[in-house]
Amino acid sequence: MAEAKEESKSSEESVKLFVGQVPKHMTESELLAMFKEFALVDEVNIIKDKATRSSRGCCFVICPSREEADKAVNACHNKKTLPGASSPLQVKYADGELERLEHKLFIGMLPKNVSEVEVSALFSKFGTIKDLQILRGSQQTSKGCAFLKYETKEQALAALEAINGKHKMEGSSVPLVVKWADTEKERQARRAQRAQSQASNAPHADSQHPSLFGALPMGYVPPYNGYGYQAPGGYGIMPYRMPPMQNQPGYHNMMPHMNQANALRPELGPNMNPRNYHVPPASYVGSYPAVPGLQHPIAYAGGMISPRPMSSSPGSISPAGGNGNSGTSSSSASKSSGGQVEGPPGANLFIYHIPQEFGDQELATAFQPFGRVLSAKVFVDKATGVSKCFGFVSYDSPEAAQSAISMMNGCQLGGKKLKVQLKRDNKQSKPY
DNA sequence: TCATATT
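The rules we used
- Residues numbered from 1 in each chain as written.
- Chains lettered and ligands numbered in written order.
- Predicted model: local features only at pLDDT ≥ 70, side-chain atom pairs only at ≥ 80, totals over all residues.
- Heavy atoms only, no water.
- Pairing = 2+ DSSP bridges.
- Helix = DSSP H or I, 4+ residues; strand = E, 2+ residues; numbered from the N terminus.
- Axes fitted to C-alpha atoms, helices over the stretch in contact; angles between N-to-C directions.
- Contact = heavy atoms within 4.5 Å.
- Buried < 20%, exposed > 50% of the residue type's maximum accessible area, 1.4 Å probe, protein only.
- Arc of directions from axis to C-beta.
- Near = heavy atom within 4 Å.
- Polar contact = N/O pair within 3.5 Å; in protein donor to acceptor, adjacent residues only side chain to side chain.
- Nonpolar A, V, L, I, M, F, W, Y, C, P; charged D, E, K, R; others polar.
- Phe/Tyr/Trp six-rings, centres within 6.5 Å; stacked < 30°, edge-to-face > 60°.
- Lys NZ or Arg CZ within 6 Å of the ring centre and 35° of its normal.

Peer 1: Quick rundown of the sheet that holds strand 6 (residues 129-136)? Include the residues and the values.
Peer 2: What the 4 strands build is an open sheet, ordered 6-7-5-8; its pairing is antiparallel. A single partner strand is all that each edge strand has here, and the edge strands are strand 6 and strand 8 (177-180). Going from strand to strand, the sheet's axes swing by 20 degrees on average, the running direction of each strand aside. Inspection of the sheet shows strand 6 paired to strand 7 (residues 142-150) by 6 bridges, in the antiparallel sense. Along strand 7, the bridge assignment pairs Arg136 with Ser142. Running over the sheet, helix 4 (residues 116-123) touches strand 5 (104-108), strand 6, strand 7 and strand 8 and is turned about 140 degrees from strand 6. On the sheet, helix 5 (residues 153-163) packs against strand 5, strand 7 and strand 8 and is oriented at approximately 145 degrees with respect to strand 8.

In C-alpha coordinates form, the structure reads like this:
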(Lines give C-alpha, C1' and ligand atoms only; values in the text may rest on other atoms or scores of the structure.)
Protein backbone atom coordinates (compact mmCIF):
# COMPACT_ATOMS: atom_id res chain seq x y z
CA MET A 1 0.00 0.00 0.00
CA ALA A 2 2.46 2.54 1.20
CA GLU A 3 4.90 0.96 -1.11
CA ALA A 4 6.22 3.03 -3.90
CA LYS A 5 5.74 1.67 -7.34
CA GLU A 6 8.74 -0.39 -8.16
CA GLU A 7 9.57 0.06 -11.79
CA SER A 8 12.30 -1.95 -13.39
CA LYS A 9 14.44 -2.36 -10.37
CA SER A 10 17.17 -4.35 -12.00
CA SER A 11 19.76 -2.99 -9.67
CA GLU A 12 23.16 -4.40 -9.16
CA GLU A 13 22.13 -6.77 -6.42
CA SER A 14 18.93 -8.13 -7.81
CA VAL A 15 19.20 -11.69 -8.99
CA LYS A 16 17.60 -13.45 -11.89
CA LEU A 17 16.62 -17.07 -11.56
CA PHE A 18 15.76 -19.43 -14.34
CA VAL A 19 12.88 -21.78 -13.65
CA GLY A 20 12.15 -24.88 -15.66
CA GLN A 21 9.30 -27.38 -15.60
CA VAL A 22 6.69 -24.68 -15.58
CA PRO A 23 3.38 -25.85 -17.02
CA LYS A 24 2.71 -23.91 -20.18
CA HIS A 25 -0.71 -22.79 -19.08
CA MET A 26 0.43 -21.00 -15.94
CA THR A 27 0.38 -17.24 -15.85
CA GLU A 28 2.97 -14.86 -14.53
CA SER A 29 0.74 -13.80 -11.67
CA GLU A 30 0.12 -17.37 -10.64
CA LEU A 31 3.82 -18.02 -10.62
CA LEU A 32 4.52 -14.81 -8.78
CA ALA A 33 2.03 -15.75 -6.10
CA MET A 34 3.58 -19.16 -5.74
CA PHE A 35 7.15 -17.96 -5.46
CA LYS A 36 6.20 -15.27 -3.02
CA GLU A 37 5.38 -17.98 -0.53
CA PHE A 38 9.05 -18.71 -0.33
CA ALA A 39 10.94 -15.53 -1.01
CA LEU A 40 10.68 -11.91 -1.97
CA VAL A 41 10.10 -11.73 -5.67
CA ASP A 42 9.97 -8.61 -7.77
CA GLU A 43 8.93 -10.05 -11.04
CA VAL A 44 8.17 -13.16 -13.02
CA ASN A 45 8.69 -13.34 -16.77
CA ILE A 46 7.47 -16.30 -18.68
CA ILE A 47 9.76 -17.25 -21.50
CA LYS A 48 7.73 -17.47 -24.66
CA ASP A 49 8.28 -18.78 -28.08
CA LYS A 50 9.17 -15.89 -30.32
CA ALA A 51 6.82 -16.89 -33.05
CA THR A 52 3.84 -18.39 -31.31
CA ARG A 53 4.00 -16.31 -28.16
CA SER A 54 3.17 -19.41 -26.20
CA SER A 55 5.02 -20.37 -23.06
CA ARG A 56 8.12 -22.44 -23.52
CA GLY A 57 7.60 -24.05 -20.17
CA CYS A 58 10.04 -21.94 -18.25
CA CYS A 59 10.36 -18.49 -16.76
CA PHE A 60 12.62 -15.98 -15.11
CA VAL A 61 12.13 -14.90 -11.54
CA ILE A 62 13.71 -11.66 -10.33
CA CYS A 63 14.59 -11.52 -6.66
CA PRO A 64 15.75 -8.37 -4.91
CA SER A 65 18.82 -9.98 -3.43
CA ARG A 66 20.92 -13.03 -3.51
CA GLU A 67 19.56 -14.09 -0.14
CA GLU A 68 16.03 -14.06 -1.44
CA ALA A 69 17.05 -15.84 -4.59
CA ASP A 70 18.69 -18.54 -2.55
CA LYS A 71 15.55 -18.93 -0.50
CA ALA A 72 13.57 -19.52 -3.63
CA VAL A 73 16.09 -22.00 -4.95
CA ASN A 74 16.31 -23.92 -1.71
CA ALA A 75 12.59 -24.08 -1.27
CA CYS A 76 11.65 -25.00 -4.81
CA HIS A 77 14.42 -26.57 -6.80
CA ASN A 78 13.60 -30.23 -7.27
CA LYS A 79 11.16 -29.86 -4.39
CA LYS A 80 7.87 -28.97 -5.96
CA THR A 81 6.14 -30.36 -8.99
CA LEU A 82 3.52 -28.08 -10.46
CA PRO A 83 0.25 -29.64 -11.57
CA GLY A 84 0.69 -30.82 -15.13
CA ALA A 85 4.46 -30.88 -15.04
CA SER A 86 6.30 -34.14 -15.51
CA SER A 87 9.09 -33.43 -13.09
CA PRO A 88 9.91 -31.06 -10.26
CA LEU A 89 10.66 -27.41 -10.72
CA GLN A 90 14.17 -26.55 -11.77
CA VAL A 91 15.21 -23.35 -10.11
CA LYS A 92 18.66 -21.97 -10.65
CA TYR A 93 20.60 -18.84 -11.36
CA ALA A 94 19.98 -17.71 -14.90
CA ASP A 95 22.79 -18.05 -17.37
CA GLY A 96 25.63 -15.73 -16.57
CA GLU A 97 24.03 -14.56 -13.36
CA LEU A 98 26.40 -16.26 -10.99
CA GLU A 99 29.35 -15.00 -12.92
CA ARG A 100 27.95 -11.51 -12.92
CA LEU A 101 27.45 -11.69 -9.19
CA GLU A 102 30.85 -13.09 -8.51
CA HIS A 103 32.72 -10.80 -10.86
CA LYS A 104 35.15 -13.58 -11.38
CA LEU A 105 38.31 -12.77 -13.28
CA PHE A 106 40.41 -14.93 -15.49
CA ILE A 107 44.15 -14.31 -15.42
CA GLY A 108 46.20 -15.62 -18.25
CA MET A 109 49.83 -15.60 -19.32
CA LEU A 110 51.07 -16.31 -15.86
CA PRO A 111 54.59 -17.64 -15.81
CA LYS A 112 54.50 -21.27 -14.77
CA ASN A 113 56.67 -20.75 -11.75
CA VAL A 114 54.50 -18.04 -10.25
CA SER A 115 52.65 -19.04 -7.10
CA GLU A 116 49.46 -17.90 -5.45
CA VAL A 117 51.44 -15.70 -3.13
CA GLU A 118 52.87 -13.65 -5.94
CA VAL A 119 49.60 -13.32 -7.77
CA SER A 120 47.95 -12.34 -4.57
CA ALA A 121 50.57 -9.73 -3.86
CA LEU A 122 49.97 -8.10 -7.19
CA PHE A 123 46.20 -8.19 -7.22
CA SER A 124 45.51 -7.32 -3.62
CA LYS A 125 46.47 -3.77 -4.48
CA PHE A 126 43.01 -3.41 -5.98
CA GLY A 127 40.91 -4.96 -3.30
CA THR A 128 40.39 -7.83 -0.97
CA ILE A 129 40.83 -11.14 -2.69
CA LYS A 130 38.07 -13.53 -1.81
CA ASP A 131 39.23 -16.44 -3.83
CA LEU A 132 42.24 -17.27 -5.93
CA GLN A 133 43.22 -20.43 -7.65
CA ILE A 134 45.95 -21.14 -10.11
CA LEU A 135 44.97 -23.89 -12.47
CA ARG A 136 47.28 -26.83 -12.19
CA GLY A 137 47.84 -30.02 -14.07
CA SER A 138 48.60 -33.51 -12.93
CA GLN A 139 51.99 -32.87 -11.30
CA GLN A 140 50.71 -29.71 -9.72
CA THR A 141 52.36 -27.86 -12.53
CA SER A 142 50.80 -24.53 -13.24
CA LYS A 143 48.76 -24.18 -16.38
CA GLY A 144 49.72 -20.55 -16.52
CA CYS A 145 46.34 -19.15 -15.64
CA ALA A 146 44.17 -18.52 -12.64
CA PHE A 147 40.75 -17.49 -11.44
CA LEU A 148 40.33 -14.71 -8.95
CA LYS A 149 37.41 -13.19 -7.09
CA TYR A 150 37.23 -9.86 -5.36
CA GLU A 151 34.58 -8.72 -2.99
CA THR A 152 33.21 -6.12 -5.33
CA LYS A 153 32.87 -5.61 -8.99
CA GLU A 154 34.61 -2.26 -8.77
CA GLN A 155 37.72 -3.86 -7.42
CA ALA A 156 37.70 -6.43 -10.16
CA LEU A 157 37.20 -3.81 -12.79
CA ALA A 158 40.03 -1.73 -11.43
CA ALA A 159 42.38 -4.69 -11.52
CA LEU A 160 41.26 -5.67 -14.99
CA GLU A 161 41.86 -2.23 -16.39
CA ALA A 162 45.16 -1.71 -14.64
CA ILE A 163 46.73 -5.05 -15.40
CA ASN A 164 45.29 -6.57 -18.52
CA GLY A 165 47.82 -6.29 -21.29
CA LYS A 166 49.91 -3.89 -19.27
CA HIS A 167 51.61 -5.69 -16.47
CA LYS A 168 54.41 -8.13 -17.01
CA MET A 169 55.36 -10.38 -14.19
CA GLU A 170 58.97 -10.64 -13.29
CA GLY A 171 60.92 -12.60 -15.84
CA SER A 172 58.07 -12.65 -18.32
CA SER A 173 58.24 -11.04 -21.72
CA VAL A 174 54.52 -11.01 -22.10
CA PRO A 175 51.90 -9.05 -20.21
CA LEU A 176 49.19 -10.69 -18.15
CA VAL A 177 45.75 -11.17 -19.56
CA VAL A 178 42.91 -10.25 -17.25
CA LYS A 179 39.34 -10.66 -18.34
CA TRP A 180 35.98 -11.61 -17.00
CA ALA A 181 35.84 -15.33 -16.63
CA ASP A 182 33.79 -17.16 -19.20
CA THR A 183 30.27 -17.87 -18.22
CA GLU A 184 29.16 -21.43 -18.03
CA LYS A 185 27.39 -20.93 -21.28
CA GLU A 186 30.48 -19.71 -23.05
CA ARG A 187 32.36 -22.68 -21.78
CA GLN A 188 29.74 -25.01 -23.15
CA ALA A 189 29.84 -23.21 -26.44
CA ARG A 190 33.57 -23.58 -26.57
CA ARG A 191 33.37 -27.22 -25.65
CA ALA A 192 30.84 -27.89 -28.35
CA GLN A 193 32.83 -25.87 -30.83
CA ARG A 194 35.88 -27.89 -30.09
CA ALA A 195 34.03 -31.15 -30.30
CA GLN A 196 32.69 -30.13 -33.63
CA SER A 197 35.97 -29.10 -35.16
CA GLN A 198 37.45 -32.27 -33.85
CA ALA A 199 34.83 -34.24 -35.65
CA SER A 200 35.38 -32.54 -38.97
CA ASN A 201 39.12 -31.95 -38.92
CA ALA A 202 41.96 -34.33 -39.12
CA PRO A 203 42.90 -35.38 -35.60
CA HIS A 204 46.36 -33.85 -35.85
CA ALA A 205 45.14 -30.30 -36.04
CA ASP A 206 44.59 -29.75 -32.36
CA SER A 207 48.12 -29.23 -31.20
CA GLN A 208 47.43 -25.93 -29.53
CA HIS A 209 49.57 -24.79 -26.75
CA PRO A 210 47.28 -25.49 -23.83
CA SER A 211 48.04 -22.54 -21.65
CA LEU A 212 47.88 -20.19 -24.55
CA PHE A 213 44.61 -21.62 -25.58
CA GLY A 214 43.17 -21.15 -22.17
CA ALA A 215 44.40 -17.61 -22.01
CA LEU A 216 42.79 -16.44 -25.16
CA PRO A 217 39.47 -14.78 -24.62
CA MET A 218 36.63 -15.61 -26.88
CA GLY A 219 34.32 -12.68 -26.69
CA TYR A 220 36.41 -10.08 -25.06
CA VAL A 221 38.00 -7.47 -27.25
CA PRO A 222 40.49 -5.36 -25.43
CA PRO A 223 40.36 -1.63 -25.84
CA TYR A 224 43.82 -1.50 -27.26
CA ASN A 225 45.41 -3.08 -30.24
CA GLY A 226 46.14 -6.71 -29.47
CA TYR A 227 47.51 -8.43 -26.45
CA GLY A 228 51.15 -8.32 -27.28
CA TYR A 229 51.50 -12.03 -26.97
CA GLN A 230 50.45 -12.92 -30.43
CA ALA A 231 53.76 -12.01 -31.98
CA PRO A 232 56.36 -13.97 -30.00
CA GLY A 233 55.44 -17.50 -30.74
CA GLY A 234 53.79 -16.71 -33.99
CA TYR A 235 50.43 -17.77 -32.64
CA GLY A 236 47.73 -15.84 -34.35
CA ILE A 237 44.85 -14.63 -32.29
CA MET A 238 42.54 -14.69 -35.21
CA PRO A 239 41.33 -18.28 -35.06
CA TYR A 240 39.88 -17.67 -31.65
CA ARG A 241 37.46 -15.06 -32.76
CA MET A 242 35.00 -17.67 -33.70
CA PRO A 243 31.61 -17.24 -35.23
CA PRO A 244 28.65 -18.19 -33.10
CA MET A 245 28.64 -21.88 -32.79
CA GLN A 246 26.57 -23.94 -35.07
CA ASN A 247 24.13 -25.84 -33.07
CA GLN A 248 23.98 -28.63 -35.53
CA PRO A 249 26.52 -31.20 -34.52
CA GLY A 250 28.56 -32.72 -37.24
CA TYR A 251 26.87 -36.03 -37.27
CA HIS A 252 23.73 -34.48 -38.55
CA ASN A 253 25.45 -34.11 -41.83
CA MET A 254 26.68 -37.60 -41.89
CA MET A 255 25.01 -39.87 -44.26
CA PRO A 256 23.84 -42.88 -42.37
CA HIS A 257 26.15 -45.54 -43.63
CA MET A 258 24.10 -48.51 -42.80
CA ASN A 259 22.11 -49.94 -45.57
CA GLN A 260 18.97 -50.07 -43.55
CA ALA A 261 19.30 -46.42 -42.90
CA ASN A 262 19.56 -45.65 -46.56
CA ALA A 263 16.42 -47.54 -47.12
CA LEU A 264 14.74 -45.09 -44.81
CA ARG A 265 15.39 -42.21 -47.13
CA PRO A 266 12.77 -42.14 -49.79
CA GLU A 267 14.78 -39.65 -51.77
CA LEU A 268 17.58 -42.14 -52.09
CA GLY A 269 15.24 -44.81 -53.16
CA PRO A 270 15.54 -48.48 -52.51
CA ASN A 271 17.40 -48.93 -55.74
CA MET A 272 20.42 -47.43 -54.16
CA ASN A 273 20.75 -50.64 -52.27
CA PRO A 274 19.13 -53.28 -54.35
CA ARG A 275 20.51 -56.06 -52.23
CA ASN A 276 18.78 -54.68 -49.24
CA TYR A 277 15.48 -54.03 -50.73
CA HIS A 278 13.09 -56.75 -49.87
CA VAL A 279 9.92 -57.04 -51.74
CA PRO A 280 7.17 -56.71 -49.22
CA PRO A 281 4.25 -59.03 -48.90
CA ALA A 282 1.86 -58.26 -51.65
CA SER A 283 -1.01 -57.75 -49.29
CA TYR A 284 0.78 -55.00 -47.53
CA VAL A 285 1.81 -53.26 -50.69
CA GLY A 286 -1.61 -53.45 -52.06
CA SER A 287 -3.15 -51.96 -49.00
CA TYR A 288 -0.85 -49.04 -48.85
CA PRO A 289 -2.23 -46.01 -50.55
CA ALA A 290 -0.27 -44.46 -53.32
CA VAL A 291 1.61 -41.53 -51.99
CA PRO A 292 4.32 -40.04 -54.14
CA GLY A 293 7.69 -40.85 -52.69
CA LEU A 294 6.23 -42.98 -49.99
CA GLN A 295 5.53 -46.14 -51.81
CA HIS A 296 8.15 -48.10 -49.95
CA PRO A 297 7.14 -48.00 -46.36
CA ILE A 298 8.19 -51.56 -46.00
CA ALA A 299 11.74 -51.10 -47.06
CA TYR A 300 12.93 -51.67 -43.56
CA ALA A 301 10.53 -54.47 -43.12
CA GLY A 302 12.82 -56.57 -45.22
CA GLY A 303 13.57 -59.43 -42.94
CA MET A 304 13.61 -57.14 -39.96
CA ILE A 305 10.07 -57.05 -38.86
CA SER A 306 8.30 -60.24 -38.08
CA PRO A 307 5.69 -60.51 -40.73
CA ARG A 308 2.63 -60.10 -38.66
CA PRO A 309 -0.76 -59.93 -40.23
CA MET A 310 -2.23 -56.50 -40.15
CA SER A 311 -5.20 -57.03 -37.96
CA SER A 312 -6.22 -53.45 -37.90
CA SER A 313 -7.90 -51.98 -40.86
CA PRO A 314 -5.35 -51.28 -43.56
CA GLY A 315 -6.92 -47.96 -44.17
CA SER A 316 -5.85 -46.86 -40.78
CA ILE A 317 -2.31 -46.39 -41.84
CA SER A 318 -3.24 -43.92 -44.45
CA PRO A 319 -1.19 -40.83 -44.00
CA ALA A 320 -3.96 -38.37 -43.42
CA GLY A 321 -5.48 -38.20 -46.83
CA GLY A 322 -4.20 -35.63 -49.23
CA ASN A 323 -1.55 -34.02 -47.19
CA GLY A 324 0.80 -31.97 -49.23
CA ASN A 325 3.61 -34.42 -48.87
CA SER A 326 5.21 -34.06 -52.21
CA GLY A 327 7.71 -36.79 -51.97
CA THR A 328 10.67 -35.84 -49.87
CA SER A 329 10.95 -36.35 -46.20
CA SER A 330 11.49 -32.83 -45.05
CA SER A 331 8.00 -31.50 -45.03
CA SER A 332 5.51 -31.50 -42.24
CA ALA A 333 7.52 -33.21 -39.59
CA SER A 334 10.24 -30.82 -38.68
CA LYS A 335 8.43 -27.52 -38.61
CA SER A 336 7.31 -25.51 -35.68
CA SER A 337 9.91 -23.22 -34.20
CA GLY A 338 11.39 -25.26 -31.43
CA GLY A 339 8.42 -26.55 -29.52
CA GLN A 340 7.31 -30.09 -30.08
CA VAL A 341 3.90 -30.60 -31.47
CA GLU A 342 1.94 -33.12 -29.56
CA GLY A 343 -0.74 -35.21 -31.15
CA PRO A 344 -4.03 -36.32 -29.66
CA PRO A 345 -4.05 -38.85 -26.82
CA GLY A 346 -2.75 -42.20 -27.96
CA ALA A 347 -1.03 -40.73 -30.98
CA ASN A 348 2.33 -40.01 -29.37
CA LEU A 349 5.14 -42.50 -29.30
CA PHE A 350 8.20 -42.95 -27.19
CA ILE A 351 11.00 -44.67 -29.02
CA TYR A 352 14.12 -46.16 -27.55
CA HIS A 353 17.24 -47.64 -29.10
CA ILE A 354 17.20 -45.23 -31.96
CA PRO A 355 20.44 -45.60 -33.89
CA GLN A 356 23.00 -43.13 -32.68
CA GLU A 357 23.37 -41.35 -35.97
CA PHE A 358 19.68 -40.65 -36.39
CA GLY A 359 18.56 -37.08 -36.06
CA ASP A 360 15.07 -35.67 -36.06
CA GLN A 361 14.82 -35.98 -39.81
CA GLU A 362 15.80 -39.59 -39.95
CA LEU A 363 13.41 -40.41 -37.16
CA ALA A 364 10.59 -38.64 -38.91
CA THR A 365 11.37 -40.40 -42.14
CA ALA A 366 11.44 -43.75 -40.45
CA PHE A 367 8.00 -43.25 -38.97
CA GLN A 368 6.40 -41.42 -41.83
CA PRO A 369 4.93 -44.46 -43.55
CA PHE A 370 2.42 -45.08 -40.82
CA GLY A 371 0.67 -41.77 -40.76
CA ARG A 372 1.07 -38.06 -40.71
CA VAL A 373 4.00 -37.25 -38.51
CA LEU A 374 3.39 -34.07 -36.57
CA SER A 375 6.77 -34.03 -34.93
CA ALA A 376 9.79 -36.20 -34.41
CA LYS A 377 12.45 -35.48 -31.85
CA VAL A 378 15.62 -37.30 -31.02
CA PHE A 379 17.17 -36.22 -27.77
CA VAL A 380 20.76 -35.20 -27.73
CA ASP A 381 23.17 -34.43 -24.98
CA LYS A 382 23.33 -30.71 -24.44
CA ALA A 383 27.07 -30.48 -24.19
CA THR A 384 28.27 -33.04 -26.68
CA GLY A 385 25.46 -33.10 -29.18
CA VAL A 386 25.47 -36.87 -29.03
CA SER A 387 22.18 -38.63 -29.46
CA LYS A 388 20.73 -40.17 -26.37
CA CYS A 389 19.11 -42.76 -28.59
CA PHE A 390 15.60 -42.03 -27.54
CA GLY A 391 12.98 -39.73 -28.86
CA PHE A 392 9.38 -39.02 -29.62
CA VAL A 393 7.16 -39.20 -32.63
CA SER A 394 3.71 -37.69 -32.71
CA TYR A 395 1.02 -38.58 -35.18
CA ASP A 396 -2.31 -36.98 -35.77
CA SER A 397 -4.18 -40.17 -35.01
CA PRO A 398 -3.93 -43.01 -32.51
CA GLU A 399 -4.40 -45.46 -35.35
CA ALA A 400 -1.21 -44.27 -36.97
CA ALA A 401 0.60 -44.68 -33.68
CA GLN A 402 -0.73 -48.21 -33.25
CA SER A 403 0.30 -49.06 -36.75
CA ALA A 404 3.78 -47.74 -36.10
CA ILE A 405 4.03 -49.76 -32.92
CA SER A 406 3.01 -52.95 -34.59
CA MET A 407 5.38 -52.45 -37.46
CA MET A 408 8.34 -50.86 -35.77
CA ASN A 409 8.49 -52.19 -32.24
CA GLY A 410 11.23 -54.77 -32.05
CA CYS A 411 12.41 -53.85 -35.48
CA GLN A 412 16.14 -54.21 -35.78
CA LEU A 413 17.60 -50.95 -36.87
CA GLY A 414 21.31 -50.50 -36.65
CA GLY A 415 22.66 -52.58 -33.83
CA LYS A 416 19.62 -52.77 -31.66
CA LYS A 417 15.96 -53.45 -31.69
CA LEU A 418 13.74 -50.45 -31.56
CA LYS A 419 11.42 -50.11 -28.67
CA VAL A 420 8.29 -48.35 -29.74
CA GLN A 421 5.59 -47.59 -27.20
CA LEU A 422 2.92 -45.11 -26.50
CA LYS A 423 4.34 -42.09 -24.79
CA ARG A 424 3.65 -41.88 -21.14
CA ASP A 425 0.96 -39.38 -20.47
CA ASN A 426 1.68 -36.83 -17.84
CA LYS A 427 -1.31 -34.64 -18.02
CA GLN A 428 -3.93 -35.59 -15.55
CA SER A 429 -7.44 -35.10 -16.77
CA LYS A 430 -8.46 -31.57 -16.03
CA PRO A 431 -10.46 -31.19 -12.88
CA TYR A 432 -13.08 -28.52 -13.18
C1' DT B 1 13.66 -45.59 -20.97
C1' DC B 2 9.25 -40.52 -21.42
C1' DA B 3 9.93 -33.45 -23.87
C1' DT B 4 16.52 -29.61 -20.48
C1' DA B 5 13.48 -24.82 -21.85
C1' DT B 6 17.82 -18.96 -20.87
C1' DT B 7 13.05 -13.45 -22.65
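Moving on, there is more to tell.
Peer 1: Summarise unusual backbone geometry; cite the residues concerned and give the values.
Peer 2: The phi dihedral of Gln21 falls on the positive side, at around 65 degrees, and the residue is not glycine. Within the fold, Gln21 resides in the loop between strand 1 (15-20) and helix 1 (28-36). A positive phi is found at His353, a non-glycine position, where the angle reads about 65 degrees. Residue position: His353 is located in the loop between strand 9 (348-352) and helix 10 (360-367). Overall, His353 belongs to the partly exposed group, its relative accessible area being 24%.

Peer 1: Describe helix 1, naming the residues involved and giving the relevant values.
Peer 2: Residues of helix 1 that are buried include every one of Leu31, Met34 and Phe35, and no others. All buried residues of helix 1 fall inside an arc of 95 degrees around its axis, so they share one side. On its buried face, helix 1 sits against strand 1, strand 2 (43-48), strand 3 (55-63), helix 2 (66-76) and strand 4 (90-93).

Peer 1: With reference to specific residues and values, describe the protein's contact with DNA strand B.
Peer 2: Taken together, the neighbourhood of DNA strand B is formed by 27 residues, with Lys16, Gln21, Gln340, Lys382 and Gln421 sitting nearest. Close to the protein, within 4 Å, the atoms of DNA strand B belong to sugar or phosphate groups at a rate of 31%. Taking Gln421, its side chain carries an N or O atom lying 2.7 Å from a base nitrogen of DNA strand B. Looking at the surface near DNA strand B, the elements with two or more residues in it are strand 1, strand 2, strand 3, strand 4, strand 9, strand 11 (387-395) and strand 14 (419-422). Looking at the surface near DNA strand B, its residues break down into 10 nonpolar, 10 polar and 7 charged.

Peer 1: Describe in detail the packing of aromatic side chains, supporting the description with residues and values.
Peer 2: What the rule picks out here adds up to 8 aromatic pairs. Ring centres 5.6 Å apart and planes at 65 degrees place the aromatic pair Phe106 and Phe147 in the edge-to-face group. Residue Phe106 is found in strand 5, and its partner Phe147 is found in strand 7; the two are separated by 41 residues along the sequence. Aromatic side chains Phe390 and Phe392 sit 6.4 Å apart centroid to centroid with 85 degrees between the ring planes, which places their arrangement in the edge-to-face category. In this structure Phe392 comes out as partly exposed when scored by relative accessible area, which is 23%. Counting every residue linked through ring pairs, the aromatic cluster contains Phe350, Tyr352, Phe379, Phe390 and Phe392. Sitting over the face of the ring of Phe60, Lys16 holds its NZ or CZ atom 4.7 Å from the ring centroid. Above the plane of the ring of Phe147 lies Lys104, whose end atom (NZ or CZ) is 4.5 Å from the centre.

Peer 1: Report on the sheet that holds strand 11, specifying residues and quantitative values.
Peer 2: If you trace the 4 strands from one edge of the open sheet to the other, you get 10-11-9-14, paired in antiparallel fashion. What marks the edges here is a single partner per strand, and that holds for strand 10 (373-380) and strand 14. Between one strand axis and the next, the sheet turns by 20 degrees as a mean value, whatever way the strands run. Bridge analysis of strand 10 against strand 11 gives 6 bridges, and the strand direction is antiparallel.

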